[in-house]
Amino acid sequence: MTSFNRSTSRRLQKLTRIPSVWEGDRRPLSSPHAQFTDSETKGECILWVDASEGIVRAMDMVDPSTGPEAIVRTLMQAIEHPQTPAKPGKPQRIVVRDREIQFYLRGVLQDLDIAIDYFPELPLIDELFRSFAEVIDNQIPDLPPKYAKLLHDKAFEVWQAAPWEFLEEQQILSIEINKWDVEKLYASVMGMLGIEYGILFYRSEDSLKRFRAAVLSDEENLNQDLEEAFLKQDCLFLTFDSSNDSEDDDLGNLADMPLSEIQPTFGNIHPLEGLRSVLYEEEALLTFAALESLLRFLRDHHRQLYDEDFPPLSRRYRISLPELDQNRQSVSVTVSTMTELTAELEELAGLDDDDDDDDDSIFQAIRDDLIPEDAFMSLGVLSWETLNYLRQGDNYQAAGEFAQIGDGLPIIIIQTSRPKAKAIIENIQENGGLNAICFHNIADPFDDDDYDLGLLQTHNHELFLFGQFLDDDPVHIEARKKWHQRCQNTNGYCGLIIAKGLTGASRGNPQLKDMMALLEAHSLSPEELSLK
């Protein structure tokens, strides 16, 4: 048996002895709906009270598997750091209703001259636990108990169906129910970006539009305004989170976690109620009908919804409702894609702009399989002397005659390992050789940053990405400025050097012996390559 350190015993012996009797006990404290509620409502409660004064000196919640040391730790709090208004001190006598606790405390406290007695009933603690039980019993569960398991099962069906893999937030589905004072719900699926996963069931089209508009407006004050807009929504929701209570925000993508770590949450948002993670009976039935009809629709139209275009689809289902009155045990639900509303939301978000369509077509045309990810890339200049030397090499491609004006030929240098450099050269040759080098400015639709794409065009009109630069990077701005000036001197002629030695001493500064190919080309604008 573990005992106090001698120094601890001496410290406790010096404390004032209070001429009172303390009651102590450890009992289960849980909600009857604990299977589907917060884990904090599960466990055992340890109480130490001063029966003479009628006050609680210390209380703690512990896991049921915690050993008997826990009751002593709480007793130490009661003695040295009691709750207000009690003052530090040790009791003259302790009574417990558990023989094992009695014998354990007698062994641990034997040096403190405290009597440890057994009583089958502890009046003050019994009354306190009765009060706790009433509070817990009167707590509203997150879900109506008779529907809790059913809704959790449906939530996991949604998780496994993963509608966010083929539906974006602005691709809205209407769920026509005409029951529980709700004509339609408007479902928006979250999760395609891998940040938040769930489904919002808006009670009105107007609420959905207002929230989407608020999110997209006034980006400078987004954090402040978004909270207000969030609470003004009128919707039911199902969201998913990790059951891991770790405070580490970097838990990875939820979609990569095992099913056992996924925790669904149901709730309601309303401008006059705010956010509550509780569903009442009608809301639970409404949510069940919406989820069941949505799952059937996703199953029936899975392939069509995977298409790039959002197709017009509609289907009616009869949903059997659990534990409903005998007169009506099912409800007719119609699920439809809302193509016009989706187009309106895409226009609001700027997702259907012509520029975006052009960008999409450009991205589709660009290949990124030529240059290895770990390759070193830089913009530079090749002196005329070095140019004349490299023109004698085996892997030289001429682009035409040009005057040697200025400090040299503007070049792009790609440095990688010898095998990968050889593969780049062979790939370009197989596509007819290098024709042009181009820089094309483009906006990223996801982070709103502007990028300068470095592109190589081969003679068979294939486009390969060799670099992606932030458009406002001062180093890149200066390099592009010099590139443009040198290209003007050479009447648009430039070159590509492919070098080895990425992991050697010449990394980032390839020497003549590292340069495996010189391919001359033309510097062309995006317009000349029909990119705009």
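Higher on the page you've got the structure.
This section reports on the structure supplied with the text. (Residues numbered from 1 in each chain as written. Predicted model: local features only at pLDDT ≥ 70, side-chain atom pairs only at ≥ 80, totals over all residues. Heavy atoms only, no water.)

1. Regarding helix H8 (residues 281-300)
(1) Moving on: Helix length check: H8, at 20 residues, gives a terminal C-alpha distance of 29 Å against a target of 28 Å (1.5 Å per residue), a fit within 8%.
(2) Moving on: Counting buried positions along H8 gives 15 out of 20 residues, so the element sits mostly inside the fold. (Helix = DSSP H or I, 4+ residues; strand = E, 2+ residues; numbered from the N terminus. Expected span 1.5 Å × (residues − 1). Buried < 20%, exposed > 50% of the residue type's maximum accessible area, 1.4 Å probe, protein only.)

2. Observations regarding helix H5 (residues 145-161)
(1) Moving on: Taking 1.5 Å per residue as the helical rise, H5 with its 17 residues ought to reach 24 Å, and the 25 Å between its terminal C-alpha atoms agrees with that figure.
(2) Moving on: Along H5, the residues classified as buried are Tyr147, Ala148, Leu151, His152, Lys154, Ala155, Val158 and Trp159. Projected down its long axis, H5 carries its buried residues within an arc of 165°, all on one side. In H5, the exposed residues that point more than 90 degrees away from the buried face are Lys149 and Gln160.
(3) Moving on: Backbone geometry just downstream of H5 places Ala162 in the positive-phi region, at approximately 45°. (Arc of directions from axis to C-beta.)

3. Digging into the packing of helix H6 (residues 205-216) against helix H10 (residues 339-348)
(1) Moving on: It is at 10 Å that the axes of H6 and H10 come closest, and there the two elements cross at 20°. Classified by the angle their axes make, H6 and H10 are roughly parallel. Considering how the two elements wind past one another, H6 and H10 form a crossing that is right-handed. Facing Glu205, Leu208, Lys209, Arg212, Ala213 and Leu216 of H6, the residues of H10 in contact are Leu341, Glu344, Leu345 and Leu348. (Axes fitted to C-alpha atoms, helices over the stretch in contact; angles between N-to-C directions. Parallel < 35°, antiparallel > 145°, perpendicular 65-115°, else oblique. Left-handed = near helix turned anticlockwise from the far one by under 90°. Contact = heavy atoms within 4.5 Å.)

4. Re the side chain of Gln457
(1) Moving on: Topologically, Gln457 is positioned in strand S19 (residues 450-458).
(2) Moving on: Within the structure, Gln457 has its side chain in polar contact with the side chain of Asn435 (distance 2.6 Å).
(3) Moving on: Apart from the residues lying within four places of it in its own chain, the contact partners of Gln457 are Leu434, Asn435, Ala436, Glu462, Leu463 and Leu529. (Polar contact = N/O pair within 3.5 Å; in protein donor to acceptor, adjacent residues only side chain to side chain.)

5. Quick word on unusual backbone geometry
The phi torsion of most residues other than glycine is negative, and most of the peptide bonds are trans.
(1) Moving on: The linkage connecting Thr84 with the following residue, Pro85, adopts the cis geometry, with an omega of 10°.
(2) Moving on: Note on placement: Pro85 falls in the loop between helix H2 (69-80) and strand S4 (90-96).
(3) Moving on: Look at Asp181: it is not a glycine, yet its phi comes out positive at around 60°.
(4) Moving on: Assignment of secondary structure puts Asp181 in the loop between strand S6 (173-179) and strand S7 (182-190).
(5) Moving on: Its identity as a non-glycine residue notwithstanding, His461 has a phi of 70°, on the positive side.
(6) Moving on: On the secondary structure map, His461 appears in the loop between S19 and strand S20 (463-470).
(7) Moving on: His461 gets classed as exposed once you look at its relative accessible area, which sits at 63%.

6. Section: the sheet that holds S6
(1) Moving on: Reading across from one edge, S11-S10-S9-S8-S7-S6-S13-S12 is the order of the 8 strands in this open sheet, with antiparallel pairing throughout. The open sheet is flanked by strand S11 (274-276) and strand S12 (314-320), the only strands paired with a single partner. Along the sheet, successive strands turn relative to each other by an average axial angle of 25°, direction set aside.
(2) Moving on: Helix-sheet contacts for H5 involve strand S8 (197-202), strand S9 (235-242) and strand S10 (262-270), and the interaxial angle to S10 is about 105°. (Pairing = 2+ DSSP bridges.)

7. A few points about the sheet that holds S4
(1) Moving on: Read from one edge to the other, the open sheet built from 5 strands follows the order S3-S2-S1-S4-S5, with strand pairing classed as mixed. Looking at the sheet topology across the chains shown, the edges are occupied by strand S3 (55-62) and strand S5 (115-118). Direction aside, neighbouring strands of the sheet carry axes that sit 20° apart on average.
(2) Moving on: Along the sheet, H2 contacts strand S1 (17-28), strand S2 (44-50), S3 and S4; its crossing angle with S3, the most-contacted strand, is approximately 145°.
(3) Moving on: Packed onto the sheet, helix H3 (residues 99-108) meets S1, S2, S4 and S5 and runs at close to 170° relative to S5.

8. Things to note about the pattern of salt bridges
Where side chains of opposite charge bring their charged atoms close, a pairing between them can arise.
(1) Moving on: Applying the stated rule across the entire model yields 31 salt bridges.
(2) Moving on: A salt bridge links Asp374 to Lys420; the nearest nitrogen and oxygen atoms lie 3.4 Å apart. Here the residue Asp374 occupies a position in the loop between strand S14 (366-367) and strand S15 (376-382), and Lys420 occupies one in helix H13 (residues 418-430), the gap between them amounting to 46 residues.
(3) Moving on: For Asp374, a relative accessible area of 42% gives the class partly exposed.
(4) Moving on: On the accessibility criterion, Lys420 (36% relative accessible area) is partly exposed.
(5) Moving on: Here Arg486 and Asp407 are joined by a salt bridge, their closest N and O atoms 3.1 Å apart. Taken together, the residues Arg486 in helix H14 (residues 474-489) and Asp407 in the loop between strand S16 (396-397) and strand S17 (409-415) connect sequence positions 79 residues apart.
(6) Moving on: Judged by relative accessible area, which is 17%, Arg486 ranks as buried.
(7) Moving on: By sharing partners, the salt bridges in this structure join Arg203, Asp234, Glu273, Arg276 and Glu283 into a single network. (Salt bridge = Lys/Arg side-chain N within 4 Å of Asp/Glu carboxyl O.)

9. Some remarks on the packing of H2 against H3
(1) Moving on: Where H2 meets H3, the closest approach of the two axes is 10 Å, and the angle between their N-to-C directions is 60°. As the angle between them shows, H2 and H3 are arranged oblique. With respect to the hand of their crossing, H2 and H3 are arranged in right-handed fashion. Along its contact with H2, which presents Glu69, Ile71, Val72 and Leu75, the element H3 presents Ile101, Tyr104, Leu105 and Val108.
(2) Moving on: Its residues assigned to classes, the contact of H2 with H3 comprises 7 nonpolar, no polar and 1 charged. (Nonpolar A, V, L, I, M, F, W, Y, C, P; charged D, E, K, R; others polar.)

10. As for the packing of aromatic side chains
For any pair of aromatic rings, the description consists of the separation of the ring centres together with the inter-plane angle of the planes.
(1) Moving on: Inspection of every chain in the model, using the stated rule, returns 12 aromatic pairs.
(2) Moving on: Measuring from centroid to centroid gives 5.7 Å for Phe129 and Phe132, while their planes differ by 80°, and the two rings are edge-to-face. Here the residue Phe129 and the residue Phe132 both occupy positions in helix H4 (residues 123-138), the gap between them amounting to 3 residues, near one helical turn.
(3) Moving on: By relative accessible area, which is 23% here, Phe132 ends up partly exposed.
(4) Moving on: For the pair Phe439 and Phe469, a centre-to-centre distance of 6.4 Å together with 50° between the ring planes defines the contact as tilted. Of this pair, Phe439 sits in strand S18 (residues 434-443) while Phe469 sits in strand S20; the two residues are 30 residues apart in sequence, bridging distant segments of the chain. (Phe/Tyr/Trp six-rings, centres within 6.5 Å; stacked < 30°, edge-to-face > 60°.)

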